[in-house]
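Architecture and fold: a report
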Amino acid sequence: MEKQAIIETEGLTKIYSQQVAVDHLSLSVMEGEVFGFLGPNGAGKTTTLLMLLGLTEPTSGKARVLSVDPTREPIKVKGMIGYMPENMGFYGDLNARQTLSFVAELNGLSRKVADERIEIAMKTVGLENETEKKVGAYSRGMRQRLGIAELLIKEPKVAFLDEPTLGLDPDATNWMMELIEKLSRENKMTVVLSSHLLHLVQRVCHRIGIMIKGKMVAQGPMEQLAREKLGVGTEKFTGIISAVIGL
Amino acid sequence: MILFALITMVSLIIAYMVGLGIREELAGLPGVPRYVFLMLFTSRGAVFSLVQFVAFFGPLIGLILGFDMINRERNEGTLSKLLSQPIYRDSVINGKFLAGVITISIMMISIVLLITGLGLRMVGVVPGSDELWYGELVFMSLSVLFTSPSGLAWPFFFPFCFGVLPLQL
């Protein structure tokens, strides 16, 4: 884990008309790791991701993503990060191939490169037999897979996944987790994911950050958090955390 | 889609009725007066003239096209994905606007061309170059401007179009 930090924030704060969404967040994510944001709904996970992408401006504080300031150069950051939002939609009357080539076009890829990447991405997410089907007819699980494929088209160094398993059945959830592990291992992708499900985060993430009401309460590898903060084993820690943040 | 079809249909019906009227009028006159051809657009059919019709329904189309072009993306959850791609926000908005303008241009141009053709056949008068130039082109471009889906632009063009068009023709 002695690698350089790919994402760093310092005192990152976002205030939405009186309400503090993210409160002096200091965070660092290392190259190649899978980092999990854990916290109940409304803890500021999504807002943090949006600020790191340059989609919202922080009220105060600094952020650096791949040594670029997302507030100042959002386009540059957006080119390097793949983002999968929580409730994403698709253009229902396009088929999967058209959806992906649209993303490729927005990223300025040539047709040849785009076709190659679409092929690979569809294979990776297991949709290679559905490329000509209209996205409007896709099931929830398939849409989620297509979302990942969209992200892979960019071949990003960093992937932000906001609640990637939301609304998926156990099988699909398993599949998603295995895919995330695979991307991290084989593509050397840094993954930042947010979830309110502890056991998922625990399974794939190298390090976790627990957020409650906009504050980062704890940050580090699971075992270390368990030992240092509470002096218990991982299993007991899981139980305690679940009880504390009410999940 | 349905609205487009409806507007085209109504425009054609108006033009047809006006055309019939003009043909009758012309039969009783010794020569051909100036700007007969443009009367296709400006004289009343049963209830209203084509110009009035476009002035009334054009903005409606503009509004329908315009009012939720960004909101729809947001509601369907495609906006956040679109904005997380490395493109400028301006290009999203400009592209939306341009798409609306082009759609309306195609609609207006085809309606005017259809009516021109219909008029040629019915009235039997060939429009002079000044009629084509001032009448049809001005009518088309003003209508496009006027109808263009911009919540801000259309109140501005409303009096302008209403006042100028009938005078010009």
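See the structure above.
Structure report, in brief. Treat the numbers as computed from the prediction; the structure is a model and nothing was measured. (Residues numbered from 1 in each chain as written. Chains lettered and ligands numbered in written order. Predicted model: local features only at pLDDT ≥ 70, side-chain atom pairs only at ≥ 80, totals over all residues. Heavy atoms only, no water.)

**Brief notes about the environment of L152(A)**
Residue and element names in this part refer to chain A. Along the chain, L152 turns up in helix α5 (residues 140-153). In the structure, L152 is positioned 52 residues away from L100 in sequence and 9.6 Å away in space, judged by C-alpha atoms. Excluding residues that lie within four positions of it along the chain, L152 makes contacts with A121, T124, V125, L183 and M189. (Helix = DSSP H or I, 4+ residues; strand = E, 2+ residues; numbered from the N terminus. Contact = heavy atoms within 4.5 Å.)

**Focus: a negative patch on the surface**
Residues D115(A), E116(A), E119(A) and E128(A) make up a contiguous surface patch of negative charge. Considering the arrangement of structural elements, one finds E119(A) in helix α4 (residues 111-124). (Patch = residues over 30% accessible without salt bridge, like charges linked within 9 Å, V, L, I, M, F, W, Y side chains within 5 Å. Areas by Shrake-Rupley, 256 points an atom, 1.4 Å probe, with all protein chains shown as cover. Salt bridge = Lys/Arg side-chain N within 4 Å of Asp/Glu carboxyl O. Lys, Arg positive; Asp, Glu negative; His and termini not counted. Charge placed at Lys NZ, Arg CZ, Asp CG, Glu CD.)

**Details of the sheet that holds strand β5 (residues 81-84) of chain A**
Residue and element names in this part refer to chain A. Sheet architecture is open: six strands sit in the order β5-β6-β7-β3-β8-β9, paired in mixed fashion. The two strands at the open ends of the sheet, each matched to only one other strand, are β5 and β9 (215-220). Each strand of the sheet is rotated relative to its neighbour by a mean of 15°, with strand direction disregarded. Pairing of strand β6 (residues 158-162) with strand β7 (residues 190-195), which is carried by five bridges, proceeds in the parallel orientation. Residue pairing for β7: L161 is matched across the bridge by L193. Helix α1 (residues 45-53) contacts β3 (34-38), β5, β6, β7 and β8 (207-212) of the sheet and is inclined by roughly 150° relative to β6. (Pairing = 2+ DSSP bridges. Axes fitted to C-alpha atoms, helices over the stretch in contact; angles between N-to-C directions.)

**Examining the pairing of β8(A)**
Residues and elements named next belong to chain A. Counted residue by residue, β8 has five buried out of six residues, so it is predominantly covered. As paired elements, β3 and β8 share four bridges and run parallel to each other. Its bridge partner being in β8, G36 is matched across the sheet by I208. Here β8 pairs with β9 via five bridges, running antiparallel. (Buried < 20%, exposed > 50% of the residue type's maximum accessible area, 1.4 Å probe, protein only.)

**Concerning a nonpolar patch on the surface**
Residue and element names in this part refer to chain B. Together, L6, M9, I13, Y16, M17 and L20 line one region of the surface with nonpolar side chains, adding up to about 540 Å² of accessible area. The topology assignment puts I13 in helix α1 (residues 2-27). Relative accessible area serves as the criterion here: at 45%, I13 is assigned to the partly exposed category.

**Some thoughts on the pattern of salt bridges**
Residues and elements named next belong to chain A. Within this structure, the stated rule accounts for nine salt bridges over all chains. Taking the shortest distance from any N to any O, the salt bridge between R207 and E33 comes out at 2.9 Å. Placement of the pair is R207 in strand β8 and E33 in the loop between β2 (19-30) and β3, with a sequence separation of 174 residues. The class of R207 is buried, set by a relative accessible area of 11%.

**Brief notes about the sheet that holds strand β4 (residues 60-65) of chain A**
Residue and element names in this part refer to chain A. Pairing is antiparallel in the open sheet, where three strands are placed in the order β2-β1-β4. In this open sheet, the two edge strands, each paired with only one partner strand, are β2 and β4. On average, each strand axis in the sheet is inclined to that of its neighbour by 15°, with strand direction left out of account. The pairing of strand β1 (residues 5-16) with β4 spans five bridges and is classified as antiparallel. Residue E8 lies in a different strand from β4, and its bridge partner there is R64. Strands in contact with α1 are β1, β2 and β4; relative to β1, the strand with the most contacts, it is inclined by about 115°.

**Some details on the interface of chain A and chain B**
With 19 residues of chain A in contact, the opposing surface of chain B contributes 14 residues. Interface of chain A and chain B: buried area, both sides summed, is about 1,500 Å²; carbon and sulfur atoms make up 56% of it. Considering only the surface of chain A that becomes buried against chain B, I75(A), Y91(A) and L106(A) emerge as the three largest contributors, covering 37% of it. Counting the contacts that link chain A with chain B gives one salt bridge. (Buried area = accessible area lost by both parts, 1.4 Å probe.)

**Brief notes about the nonpolar core**
Residues and elements named next belong to chain A. In terms of nonpolar packing, the biggest core is built from 48 residues, with M122, L146, I148, L161 and L193 touching the most fellow members. Tallying contributions element by element places α5 first for this core, with seven residues. When residues no more than four places from it in sequence are discounted, the contact partners of L193 are V34, F35, G36, F37, L161, P164, I180, V201, V204 and C205. Judged by nonpolar contacts, the second largest core, of 35 residues, contains V22, F37, A63 and V68. (Core = buried A, V, L, I, M, F, W, Y, C linked by side-chain atoms within 4.5 Å.)

**Topic: the packing of aromatic side chains**
All names here are of chain A. All told, the structure shown has two aromatic pairs over all chains when counted by the stated rule. Centre to centre, the rings of F35 and F37 are 5.4 Å apart; their planes meet at 85°, and the pair counts as edge-to-face. Accessibility classification places F35 together with F37 in one group, the buried group. Both rings, one in Y91 and one in F102, keep their centres 6.0 Å apart while their planes meet at 75°; by these two values the pair is edge-to-face. Of this pair, Y91 sits in the loop between β5 and α3 (96-106) while F102 sits in helix α3, and the two are 11 residues apart along the sequence. Y91 sits in the partly exposed class, given a relative accessible area of 23%. Over the ring of W175 we find R145, and its NZ or CZ is 4.1 Å from the ring centre. (Phe/Tyr/Trp six-rings, centres within 6.5 Å; stacked < 30°, edge-to-face > 60°. Lys NZ or Arg CZ within 6 Å of the ring centre and 35° of its normal.)

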